[in-house]
Each structure stands twice: as C-alpha cells, then as structure tokens.
Amino acid sequence: MNLALYKEMMRVNLRGIMNYAGGSAFYILFMIWLYPGLADNTKALNDLVQAMPEGVGKAFGLNNGFSSAEGFISGEYYGLILVLILAIVCVQMSTQLVAKLVDRGSMAYLLATPTTRSKVAFTQAMVLVTSLFIIMAVTTLSGFAGKAWFLGSGYEFGIARFSQLNLVAFLLFFAIGGFCFLVSCACNDEKKALGISGAVTFGFFTLDILGKISDKLDVLRFFTLFSFYRPGEIVQGTAAWAEVSIWLLMIGLACFTIGIQLFRRRDLPL
Amino acid sequence: MLQVEGLTKQFSNGKGIRDVSFTVNKGEVFGFLGPNGAGKSTTIRHIMGFMRPDRGSVTINGLDAWKGQGQVQRHTGYLPGEISFIDGMTGASFLQFMASMQGVKDTAKREMLIRRLQFDAATPIRKMSKGMKQKVGIVAAFMHSPEVIILDEPSSGLDPLMQKIFTQLVLEEKAAGTTFLMSSHSFQEIERTCDRAAIIKDGSIVAVKNIHELQSMQRKLFEILFETPEDAQRFAASGLIIDSIAGNRVRIAVQGNYNPFTAELAKYPVRSMDIFTQNLEDIFMDYYDREAKVQ
Ligand SMILES: Nc1ncnc2c1ncn2[C@@H]1O[C@H](COP(=O)(O)OP(=O)(O)OP(=O)(O)O)[C@@H](O)[C@H]1O
Ligand SMILES: [Mg+2]
C-alpha cells in the first residue's frame, strides 16, 4: 500500500463519499422516524400487504412485517434504497479508481514513481473498501442514533440483528465492489469498464428480484450474488449470517486479488 | 545507462515496433526522431515498463524495465506524450502529491523550475492551457533530480520562448550528468540539445547517428527569387540540384556542402530568399531512399 496515494485518493473522493453517507443516514433516520406512526397501524398495513400479489410483496421486502422496527427497516431500506446507493458507489468508484486513470493516461504519472503496480492497485482497492466502510458505518450509527431518538424503549429494535444485517450488507458490497474492481483493472476503456460492471451489478440485482417475484424463476437466484443477502431472514434470525459472511468475504477477496494480479501483468496503453 | 535490445511488439491491429535497438550512454542526450505513428511512444512505454515486449528487452542502470518495476523508477523521470492529470487538483497540489510519491522532501528544485518556466502553479489543472499543463509535466519529470529523464515530445505546446528555456534546462541538467532520451518529430527541435539520435519509421529504426552526421545528411530546400527569369535559368543550368523552377523563382536542394551553392549564388543579384520547412522524410530523403533500395 502506498500511503501518499491513499491519502490523495481519499481526499479527492471524500466529498462524494460523504454525500452518499449523508444521504443514507438521512434516509434511514427518516424511516425510523416514520416507524412509530406505522407500528400503531401494523394490522392494517399487514392486511394491505396481504392484499397485494404475493410476488410483489416478496420482491420489495414488504413481507418482513411491520411488527419490529428492524423488520420494517430491513425491508424498506436495506432491501432497496441502500442496495441502490452502494451499487452505484461500487460501479462508479471502481471505474474511477483504475480504468479512468488508465484511459485518460494519468496512471502514467503514478507508475513513473518508485512504486509497483501491485501497490498502486492494492491502494486503490483499499480506497474503494474504505469508502464502502464509511458509508456502511455512518448508516449503522445513524440506525442506532435513530433508535435512541425516535423509538426509545417503547418499540422493539434488535441491536444484534441490526448489526448482523449491516455486516452482511457491507460484505455483499465488498464482494460486488471486488467484482467491479476486477473489471476496472482489466479494461483500458473507462466507458467499457463502467458499462460492464454496471450491467453485471444491476443484472445481479434484477435476477434476484425476478427470482423472488416468481417461484418458477427461482433458478435465476443461483446466478446472482444477491442471493447471499436476505435482509428479511437476517432480522428474523433465520439466516445463516455467519456462513454467508464468510462466503462473501472470500468472493470479495478473490476478486480483489485477481484484479490486482491482472493489473500487474497486463500491457497498459499509457 | 539505457539499453534497448531487439525490442519487438506487435499489436492486434498489426501495428507495432520491430527489432528496435539502441544504447544511451551516461550523461548523453539522445534524440528519438520519427513521424507520427512511427512507434516512438510505443518504444518509450516499453522503456517505462508499461508494456511487456514480445521479444527483446530494456535495461536501465542494469535493471530490466519490465521486471524491475518500482526499482527502475527510482532513477527515472518521465514526461508522457499525452498529458492528463488527476481531476480536481491545482498544479501545486499535483506537484506536491508527485513529490510525496517520489519520496522527495526538498522543494527548492521544484520552486526553481516553476520560476524558470514562468507559470502560476496555483491554477486548477482543469483551467490550464496545453502549454501550462506541459510545464507542470516537465516540472514533475525534473524535480526529483533523476539520473535518467525520458521525455515524450517535450516541447509540444510550448511557445518559442519557452522552448528556449526548456532547451537551457536540458543543457544544464546534462552538464550535471543527467542522461536524456527525448522523442520528437522535428529535427530542429532536438538538434540544439542532442548528442546522438535514432530515426524510427514504421516501427523500425532506420539510423542511429551522432547529430553532426545527421546535420550533414540533412537536406535543405532554399527558395530564391532572382531579379530576372534569365538569371534564374542560368543559375538552374549551373549543375546544382534543382528542385523546381518557375519564372524568376528557383527551388534548390542542398545537402552537406553549402559552398558550391553560395559561390554560384554570389554571381547574381538576389531579390529574396527563403528556407523551406520540411517534414522528416524530406529532410532525410536520401537516407530513407537508400534504406528502401537496400531492403
Ligand atoms: N495499444 C495499442 N493498440 C494498437 N495499436 C497501437 C497501440 N498503441 C499504438 N498503436 C499503434 O502503433 C503505432 C505507433 O504508435 P506510437 O504511439 O508509438 O507512435 P508515435 O511515434 O508516438 O507517434 P506520434 O508522433 O503521433 O506520437 C500507431 O500506428 C498506433 O496506432
Ligand atoms: Mg507519441
């Protein structure tokens, strides 16, 4: 790792990261603030969900129930909004950190200094992981803060399960970020890297939703990383979250390693 | 100091470089001449270790350029042919960042270079003109006092005054023992600084010569305007190599020896005279032709 590069890259990207983290914090606080109002009408809401086609409810996590705050948040926030935010961050940042520098030629300056390609690639990977970590950490802390401010002790909020949910969400995007990073390391063209990693990430997401909507399409879920991520099951305590975490961690590490090795060995048109 | 041996690289589109070899000695300024698309930047990318050769090798200070990544760069400075910096920086913050990557703490040389090249380093790079960016790149390549400086078309974008200052900088560094490799597509640009030069065409080296030999090989075109068409006719009939004649205007090619030309010309009243700027192939036309015949 190259500390000078790490600092510079964090400085350049910090504002964007903070915008996403701030947006995420605001959103989760908003959801928690909403919850008490909804919780008092839990029955009516559950009836409403029952009345909708089953697939739709499943796809958007409405079936996680409204009886606990983390159940509500896991469905409404962790099931869609957070996933979209982190997916965008992964695709955008991974492209910016490697493929863009190669495409524009600025990578030449970095590699003209006494550092190795592995170090440069590793540093850029660390910048991506740090960014995801910051966003997730801010989100998690906001969740805790929201509980303290808006829920007090009057409503159920499982700290342990909420933490597990955040851990798995972070690791999911560690794995997806790893994949996007690998693509970025392999591409000379910024647009191509953005296109491929974006298509695959959102493709994964779509497959997952389709798989959830219809039981007939269930096989699709074998083809997407999102099947590891079941926010509803984690908050209900039925998910093998530790096992899932290890899998995601391994997939992420493998992708980052392959990306760095690819970058180390290939020709760069600088 | 810098050895390029049998360097060969073929791209998927069939373009590339073939069997490029030359050696740059310590403290020498070596020019690398070639028209657009000849393979100058490709060769330099191999020297910088950005590409892996199909065959051949590059050695800098005894280290292989591809395998010695991170080691070789301790001894080199590099100015890329296409300038592009990281977004959202000013010239000064970029140079500060480069210095920290290079592990250089002393800012005296950087400030001297900025002063000499006369630019405002506090300008955001996004708002810089091409020449200004080129200056930032030159400072980044020189500021850590490397032993070898590799410059890909260093004076592109610089105005004539700045080109002169740049030439002075190169000569000063050379006097201090720095080795240079610089590419260019114009002979005039390198003849002031270089000791030797290689000429590359379509991916192959056609000549490696010292600069005096190249100067004598160089073919210059003069256009002379005589007082009368008769003078022009008589001058053209004197046995010199005439490129073209029209009315009282004669275009004449001179290579190496200027004496017969000046002696003959002294016999006539001359209204005006011009030197024609030519491209590299025309300057070394004889040389390229001879190569073509040999092959
Ligand atoms: N990565 C690449 N893939 C395919 N072809 C390439 C690649 N890089 C260079 N080329 C081709 O190789 C040839 C040599 O290119 P190079 O950039 O070395 O020329 P150059 O001598 O630097 O020219 P210029 O004076 O325009 O900078 C060109 O025809 C170019 O199109
Ligand atoms: Mg070039």
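Analysis parameters
- Residues numbered from 1 in each chain as written.
- Chains lettered and ligands numbered in written order.
- Predicted model: local features only at pLDDT ≥ 70, side-chain atom pairs only at ≥ 80, totals over all residues.
- Heavy atoms only, no water.
- Pairing = 2+ DSSP bridges.
- Helix = DSSP H or I, 4+ residues; strand = E, 2+ residues; numbered from the N terminus.
- Axes fitted to C-alpha atoms, helices over the stretch in contact; angles between N-to-C directions.
- UniProt positions renumbered as here; feature names shortened; annotations may be inferred.
- Polar contact = N/O pair within 3.5 Å; in protein donor to acceptor, adjacent residues only side chain to side chain.
- Contact = heavy atoms within 4.5 Å.
- Salt bridge = Lys/Arg side-chain N within 4 Å of Asp/Glu carboxyl O.
- Buried < 20%, exposed > 50% of the residue type's maximum accessible area, 1.4 Å probe, protein only.
- Expected span 1.5 Å × (residues − 1).
- Patch = residues over 30% accessible without salt bridge, like charges linked within 9 Å, V, L, I, M, F, W, Y side chains within 5 Å.
- Areas by Shrake-Rupley, 256 points an atom, 1.4 Å probe, with all protein chains shown as cover.
- Lys, Arg positive; Asp, Glu negative; His and termini not counted.
- Charge placed at Lys NZ, Arg CZ, Asp CG, Glu CD.
- Near = heavy atom within 4 Å.
- Nonpolar A, V, L, I, M, F, W, Y, C, P; charged D, E, K, R; others polar.
- Buried area = accessible area lost by both parts, 1.4 Å probe.

**Notes on the sheet that holds strand S11 (residues 219-226) of chain B**
Residues and elements named next belong to chain B. Pairing is antiparallel in the open sheet, where 4 strands are placed in the order S12-S13-S11-S14. Because the sheet does not close on itself, it has two edges, and the strands there are strand S12 (242-246) and strand S14 (270-276). If you compare each strand with its neighbour and ignore which way they point, the axes differ by 20° on average. Of the pairings in the sheet, the one linking S12 to strand S13 (residues 249-255) comprises 4 bridges and is antiparallel in character. Across the sheet, the residue bridging to Ile245 is Val250, located in S13.

**Details of the sheet that holds strand S5 (residues 63-64) of chain B**
Residues and elements named next belong to chain B. Strand order in this open sheet of 4 strands is S2-S1-S4-S5, and the pairing throughout is antiparallel. In this open sheet, the two edge strands, each paired with only one partner strand, are strand S2 (16-24) and S5. Examined bridge by bridge, strand S1 (residues 2-10) and strand S4 (residues 55-60) share 5 bridges and lie antiparallel to one another. When the bridges of S4 are listed, Leu2 appears paired with Ile60.

**A look at the UniProt feature "domain: ABC transporter" (unreviewed entry) in chain B**
Annotation from UniProt places "domain: ABC transporter" (unreviewed entry) at residues 2-227 of chain B. Split by type, residues 2-227 of chain B is 31% helix and 30% strand. Its first and last C-alpha atoms lie 54 Å apart.

**Describing the side chain of Thr167 of chain B**
Residue and element names in this part refer to chain B. Its place among the elements puts Thr167 in helix H5 (residues 160-175). There is a polar contact of 2.7 Å between the side chain of Thr167 and the backbone oxygen of Gln163. Those residues within four positions of Thr167 in sequence are excluded, and the remaining contacts are Arg192 and Thr193.

**Here we look at the UniProt feature "transmembrane region" (unreviewed entry) in chain A**
Per the UniProt record, the feature "transmembrane region" (unreviewed entry) sits at residues 12-35, 77-99, 120-145, 165-186, 193-213 and 244-263 of chain A. Helix makes up 100% of residues 120-145 of chain A and strand 0%, with an end-to-end C-alpha separation of 37 Å.

**Quick look at the pattern of salt bridges**
All names here are of chain B. By the definition in use, this model includes 17 salt bridges over all chains. Its salt-bridge partner being Asp195, residue Lys174 comes within 2.7 Å of it at the nearest N-O pair. Taken together, the positions of Lys174 in helix H5 and Asp195 in the loop between helix H6 (187-191) and strand S9 (196-201) put the pair 21 residues apart, joining distant regions of the chain. By relative accessible area, which is 26% here, Asp195 ends up partly exposed.

**Considering H5 of chain B**
Residues and elements named next belong to chain B. For H5, which comprises 16 residues, the first-to-last C-alpha distance of 23 Å matches the rise-based estimate of 22 Å (1.5 Å per residue) to within 8%. All buried positions along H5 are accounted for by Met162, Ile165, Phe166, Thr167, Leu169, Val170 and Glu173. Buried positions along H5 lie against strand S3 (29-33), helix H3 (108-117), helix H4 (130-142), strand S7 (148-152) and strand S8 (179-184). Downstream of H5 by a residue or two, Gly177 has a phi angle that is positive, lying close to 100°.

**Here's the deal with a positive patch on the surface**
A surface patch of positive charge is lined by Arg264 and Arg265 of chain A together with Arg52 and Lys67 of chain B. Looking at where Lys67 of chain B falls in the secondary structure, it is placed in the loop between S5 and strand S6 (76-79). Overall, Lys67 of chain B belongs to the exposed group, its relative accessible area being 71%.

**Details of the site of ligand 1**
Residues and elements named next belong to chain B. Close contacts around ligand 1 come from 14 residues, with Gly37, Gly39, Lys40, Ser41 and Thr42 the closest. Between ligand 1 and Gly37 there is a distance of 2.8 Å, counted from an oxygen atom to a backbone nitrogen or oxygen. Side-chain polar atom of Lys40 to an oxygen atom of ligand 1: 2.8 Å apart, as the coordinates give it. Coverage of ligand 1 by the protein chains reaches 70% of its 640 Å² of free accessible surface. Residues of the shell around ligand 1, tallied by class, amount to 3 nonpolar, 7 polar and 4 charged.

**Focus: H4 of chain B**
Residue and element names in this part refer to chain B. In this model H4 runs 19 Å from its N-terminal to its C-terminal C-alpha over 13 residues, within 8% of the 18 Å that 1.5 Å per residue would give. Burial runs high along H4: 11 of the 13 residues are buried. Restricting attention to buried positions, one finds in H4 the residues Gly131, Met132, Gln134, Lys135, Val136, Gly137, Ile138, Val139, Ala140, Ala141 and Phe142.

**Quick look at the interface of chain B and chain A**
The interface is formed by 29 residues belonging to chain B together with 29 residues belonging to chain A. Between chain B and chain A the total buried area reaches about 2,500 Å² when both faces are included, carbon and sulfur atoms providing 60% of it. Counting every contact that joins chain B to chain A gives 3 salt bridges. Here Lys100 of chain A makes a salt bridge to Asp87 of chain B, at a shortest N to O gap of 2.7 Å. One can count 11 residue pairs in polar contact (both at pLDDT 80 or more) joining chain B with chain A.

**Things to note about the pairing of S6 of chain B**
All names here are of chain B. Neither face of S6 is exposed, since Thr76 and Tyr78 on one face and Gly77 and Leu79 on the opposite face are all buried. Looking at chain direction, S6 and S7 are connected through 4 bridges and run parallel. Its bridge partner being in S7, Gly77 is matched across the sheet by Ile149.

**Observations regarding the environment of Ser216 of chain B**
Residue and element names in this part refer to chain B. Within the secondary structure, Ser216 sits in helix H7 (residues 211-217). For Ser216, a relative accessible area of 39% corresponds to the partly exposed category. Sequence-wise, Ser216 and Ala237 are 21 residues apart; in three dimensions their C-alpha atoms are separated by 25 Å. When near neighbours in sequence (up to four residues on either side) are disregarded, Ser216 contacts Gln255 and Gly256.

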